[in-house]
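Structure at a glance
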Amino acid sequence: MSVLVDSDTRVVVQGITGGEGKFHAEQMMDYGTNVVAGAVPGKGGQEVNGVPVYDTVHEAAREEDADASVVFVPPAFAGDAVFEALDAPLDLVVAITEGIPTQDMAKVNKRLSEVDTRLIGPNCPGIITPGEAKLGILPGNIFESGDVGLVSRSGTLTYQVVDNLTSRGIGQTTAIGIGGDPIIGTDFIDALELFEADPDTKAVVMCGEIGGEDEEEAARYIAENMDTPVAGFIAGRTAPPGKRMGHAGAIVSGSGTGTAESKINALNDAGVPVGDTPNEVADHIEDFL
């Protein structure tokens, strides 16, 4: 089983006529993802790699019976692209774009509370159910179908952990890159809730990083609500206070919260072992299974 995406997911690629959109749409199709349409204002009637392009997401979803979209749109226009997707009859929107203005995402966040559509991202690698579908830029070759769910703020860290799991013969149900921006759609708790409800997910990896309090809040959720075992990893242990490391959300305020130590302690208190390396994370998962 999987969460959010599978072989039946029908995908619209927003920005498919651009370089990134075209390249990754082809990569997704090569992986087996059911890309049924593109959506680019003013480009309706064209085709990209045999995929019909429509002027709007709503039209693409209606004509091709799509239920998800992936956003490969430049930052200045990506907020509007996400708004358009949220107004279409879709179940899932995955925003890959990095650098969407925070004020735009604040408006998107308000709109999310008014619709049933789920947003993953922005500034994320996307989501993959190995062997069935990937929406985004994840390297499909390192994933293998199995029974471990994964949720991560860091794309690169996701790949490192997955590579360690797959090399041991430990496959994954679904991997979700939630993104590292200060304002995102799906967060750790949302993803953990999905994995807890999935009968085929036997263990979960949660990869966090410094900045914010999302990991601490997730630790409380795990302690109070999860029977599925979770192993963790926190990136940015050596980052000095006040310095951003990588993602826009990866900054420690100096107030004592958001540090690697506070996150690791919170997870340990919730019964979550935290690996010092991706290989140690795989050790913990192996112990669970």
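Note that the coordinates shown come from a computational prediction; the quantities given were computed from them, not determined experimentally.

1. Let's talk about the domain arrangement of the chain
In terms of domains, the chain is made up of domain 1 (10-120) and domain 2 (139-288). Averaged C-alpha coordinates put domain 1 and domain 2 at centres separated by 26 Å. Counting residues at the interface gives 9 residues for domain 1 and 10 residues for domain 2. Across the domain 1-domain 2 interface, the total number found is 1 residue pair in polar contact (both at pLDDT 80 or more). Elements with a contribution of two residues or more to the side of domain 1 that touches domain 2: helix 4 (102-112) and strand 7 (118-120). For the side of domain 1 that touches domain 2, the leading source of residues is helix 4, giving 5 residues. Residue composition of the side of domain 1 that touches domain 2, by class: 6 nonpolar, 2 polar and 1 charged.

2. Considerations on the pairing of strand 2 (residues 34-39)
When you tally the buried positions in strand 2, you get 5 out of 6 residues, the bulk of the element. Pairing analysis gives 5 bridges linking strand 1 (residues 10-14) to strand 2, with the strands arranged parallel. Residue pairing in the sheet places Gln14 in a bridge with Ala39 of strand 2. Crossover connection from strand 1 via helix 1 (residues 19-31) to parallel strand 2: handedness right-handed. The pairing of strand 2 with strand 4 (residues 51-54) spans 2 bridges and is classified as parallel. Within strand 4, the residue paired with Gly38 across the bridge is Val53.

3. Overview of the environment of Gly136
Residue placement: Gly136 occurs in strand 9 (residues 133-136). Relative accessible area serves as the criterion here: at 0%, Gly136 is assigned to the buried category. Expressed as a C-alpha distance, the spacing of Gly136 and Met28, which sit 108 residues apart in the sequence, is 7.4 Å. If near-sequence neighbours (up to four positions away) are discounted, Gly136 is found in contact with His24, Met28, Val70, Phe72, Ile96, Pro125 and Gly126.

4. Remarks on the sheet that holds strand 11 (residues 172-177)
The strands that make up a sheet pair up through hydrogen bonds in the backbone, lying either parallel or antiparallel. Taking strand neighbours across the sheet as the criterion, the 6 strands line up as 9-8-11-10-12-13 in an open arrangement whose pairing is mixed. The open sheet has two edge strands with one neighbour each: strand 9 and strand 13 (230-235). Adjacent strand axes in the sheet meet at a mean angle of 15° when their direction is disregarded. Sheet topology note: the strand 8 (residues 126-129)/strand 9 ladder contains 4 bridges and is antiparallel. Looking at strand 9, one finds that Gly126 is bridged to Gly136.

5. Brief notes about the packing of helix 6 (residues 188-197) against helix 7 (residues 214-225)
For the pair helix 6 and helix 7, interaxial distance at closest approach is 9 Å and the crossing angle is 30°. The angle between helix 6 and helix 7 places the two elements in the roughly parallel class. In this structure, the crossing between helix 6 and helix 7 has a hand that is right-handed. Here Phe188, Ile189, Leu192, Glu193 and Glu196 of helix 6 lie close against helix 7, whose contacting residues are Asp214, Glu215, Glu217, Ala218, Tyr221, Ile222 and Asn225. For the contact of helix 6 with helix 7, the per-class residue count stands at 6 nonpolar, 1 polar and 5 charged.

6. Some words on helix 7
With 12 residues, helix 7 should cover 16 Å at 1.5 Å per step; its first-to-last C-alpha distance of 16 Å lies within 8% of that length. Listed in full, the buried residues belonging to helix 7 are Glu215, Glu216, Ala218, Ala219, Tyr221 and Ile222. Looking at the buried positions of helix 7, the neighbouring elements they touch are helix 6, strand 12 (203-209), strand 13 and helix 8 (260-269).

Conventions and cut-offs
- Residues numbered from 1 in each chain as written.
- Predicted model: local features only at pLDDT ≥ 70, side-chain atom pairs only at ≥ 80, totals over all residues.
- Heavy atoms only, no water.
- Domains from an automatic or database assignment.
- Contact = heavy atoms within 4.5 Å.
- Polar contact = N/O pair within 3.5 Å; in protein donor to acceptor, adjacent residues only side chain to side chain.
- Helix = DSSP H or I, 4+ residues; strand = E, 2+ residues; numbered from the N terminus.
- Nonpolar A, V, L, I, M, F, W, Y, C, P; charged D, E, K, R; others polar.
- Buried < 20%, exposed > 50% of the residue type's maximum accessible area, 1.4 Å probe, protein only.
- Pairing = 2+ DSSP bridges.
- Right-handed = clockwise from strand over helix to strand, strands pointing away.
- Axes fitted to C-alpha atoms, helices over the stretch in contact; angles between N-to-C directions.
- Parallel < 35°, antiparallel > 145°, perpendicular 65-115°, else oblique.
- Left-handed = near helix turned anticlockwise from the far one by under 90°.
- Expected span 1.5 Å × (residues − 1).

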